[in-house]
Amino acid sequence: MNERDPARSNLLLALLIVHMAASLWHHIHNGQFIDEYPNMPQGVPPRLSLAMAVAIWTVTSAIGLAGYYWVCNGRPLLGFGAMGLYAAYGLLAFTHYTLAPMSAHTLVQNATILGEGLTALLLLGTVMAFIAKDS
């Protein structure tokens, strides 16, 4: 496999999968324990919150997967755009820290937030590197 060819990049696919997993973990945790996150909306039934979180994760992940598909099938501009958008959405995990400082979150909350945010940074950086290489 050639790491410089995005359609054959083990790195790009691995980062996409790792970010999807980290994002799923954060979405599920956030949905299940929304009342425990500082300054998040209160009173949302956990089942509804979890269903909404999983639905949002499914839609956003489909955008990331579609991007990878397009990159691998000769539509790199569209594909990298979709993957970049997906990674940028993952950076929104850090907005938890605009609502309350890191110290106000539990260890698991911080782990899910940082897991999604940092894997999003890695994916976005890799997408940007492939775009720069192709320019």
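One can find the structure itself at the top, above this paragraph.
Rules and cut-offs
- Each chain carries its own residue numbering, running from 1 in the direction its sequence is written.
- With the structure being a predicted model, the display of local features is reserved for residues of pLDDT at least 70 and the display and counting of side-chain atom pairs for 80 or more, all residues being used for whole-chain, interface and lining totals.
- Computation of side-chain values covers all heavy atoms of the structure but excludes hydrogens and water.
- Note on geometry: axes are lines fitted to C-alpha atoms, helical ones only across the stretch in contact, with angles between N-to-C directions running from 0 to 180 degrees.
- Numbering goes from the N terminus for both helices and strands, where a helix is a DSSP run of H or I of at least four residues and a strand is a run of E of at least two.
- Here is the rule for angles: anything less than 35 degrees is roughly parallel, anything more than 145 is roughly antiparallel, 65 through 115 is roughly perpendicular, and the remaining ranges are oblique.
- Left-handed is the label given to a crossing in which the near helix is rotated counterclockwise from the far helix by less than a right angle, and right-handed is the label when the rotation is clockwise.
- Here a residue-residue contact requires only that any non-hydrogen atoms of the pair lie within 4.5 Å.
- Only Asp, Glu, Lys and Arg are considered charged, only Ala, Val, Leu, Ile, Met, Phe, Trp, Tyr, Cys and Pro nonpolar, and every remaining residue, Gly among them, polar.
- Expected helix span is taken as 1.5 Å per residue step, with the number of steps being one fewer than the number of residues.
- Classification of residues uses two cut-offs on accessible area relative to the type maximum, computed with a 1.4 Å probe and protein chains only: under 20% is buried, over 50% is exposed, and between them is partly exposed.
- Using only the protein atoms, space was sampled on a 1 Å grid; points where a 1.4 Å probe fits but cannot get out form cavities, open sets with protein on both sides within 12 Å along at least five of seven lines form pockets, and lining residues are those with an atom within 4 Å of a point.
- Grid points are joined across faces, edges and corners, and a volume is the space filled by probe spheres set on the points.
- Candidates for patches are residues over 30% relative accessible area with no salt bridge; among them, like charges are joined within 9 Å and nonpolar side chains (Val, Leu, Ile, Met, Phe, Trp, Tyr) within 5 Å.
- Accessible surface area values rest on a Shrake-Rupley calculation with a 1.4 Å probe, where residue burial reflects the displayed protein chains alone.
- Counted as salt bridges are all cases of a side-chain nitrogen of Lys or Arg within 4 Å of a carboxyl oxygen of Asp or Glu.
- Here the nonpolar core consists of buried residues drawn from Ala, Val, Leu, Ile, Met, Phe, Trp, Tyr and Cys, with membership extended through side-chain atoms lying within 4.5 Å.

J.: Would you mind going over the packing of helix H2 (residues 46-72) against helix H3 (residues 76-91) with me for this structure?
T.: Angle between the axes and distance between the axes: these two values describe a pair of packed helices. It is the contact of H2 with H3, at a shortest axis distance of 7 Å, that shows an interaxial angle of 150°. Classified by the angle their axes make, H2 and H3 are roughly antiparallel. For the pair H2 and H3, the crossing hand works out as left-handed. Contacts between H2 and H3 involve Ile56, Thr60, Ser61, Ile63, Gly64, Gly67, Tyr68, Trp70 and Val71 from the former and Pro76, Leu78, Gly79, Phe80, Ala82, Met83, Tyr86 and Tyr89 from the latter. For the contact of H2 with H3, the residue count by class is 12 nonpolar, five polar and no charged.

J.: Would you take a moment to explain unusual backbone geometry for this structure?
T.: Although it is not a glycine, asparagine 39 adopts a positive phi angle of roughly 60°. Note that asparagine 39 resides in the loop between helix H1 (10-32) and H2.

J.: Got a minute to help me understand H1 in this structure?
T.: An α-helical turn contains 3.6 residues, so any two residues separated by three or four positions project in the same direction. End to end, H1 covers 33 Å across 23 residues, agreeing with the expected 33 Å (1.5 Å per residue, within 8%). Buried within H1 are the following residues: Leu12, Leu15, Leu16, His19, Met20, Ala22, Ser23, His26, His27, His29, Asn30 and Gly31. On its buried face, H1 is in contact with H2, H3, helix H4 (96-99) and helix H5 (107-134).

J.: Could you clarify how one ought to interpret H2 in this entry?
T.: Under the 1.5 Å per step criterion, the end-to-end length of H2 is 38 Å for 27 residues, consistent within 8% with the ideal 39 Å. In this fold, the buried residues of H2 make contact with H1 and H3. Where H2 terminates, the next one or two residues include glycine 74, which has phi positive at roughly 80°.

J.: Looking at this structure, I do not really get the layout of surface pockets. What am I missing?
T.: The method is simple in principle: a probe with the dimensions of a water molecule rolls over the atoms, and the space it marks as empty is what remains. Space inside the largest pocket adds up to approximately 390 Å³. As for the largest pocket, its lining consists of 18 residues, of which His27, Asn30, Met40, Ile56 and Tyr89 are closest to the centre. At the level of elements, H1, H2 and H4 are the ones that each hand at least two residues to the lining of the largest pocket. Tallied by class, residues from the lining of the largest pocket come to 10 nonpolar, seven polar and one charged.

J.: Can you walk me through a nonpolar patch on the surface in this structure?
T.: Together, Leu48, Met52 and Ile56 line one region of the surface with nonpolar side chains, adding up to about 270 Å² of accessible area. Among the secondary structure elements, leucine 48 is positioned in helix H2.

J.: Would you mind going over the nonpolar core with me for this structure?
T.: In this structure, Leu12, Leu16, Phe80, Met83, Leu123 and Val127 are the most contacted members of the largest nonpolar core, which totals 15 residues. Elements with a contribution of two residues or more to this core: H1, H2, H3 and H5. Sequence-distant contacts of leucine 123, that is, excluding residues within four places in its chain, are made with Leu12, Leu15, Leu16, His19, Met83, Tyr86 and Ala87. Listed in part, the five residues of the second largest apolar core include Ile34, Tyr37, Met40 and Ile113.

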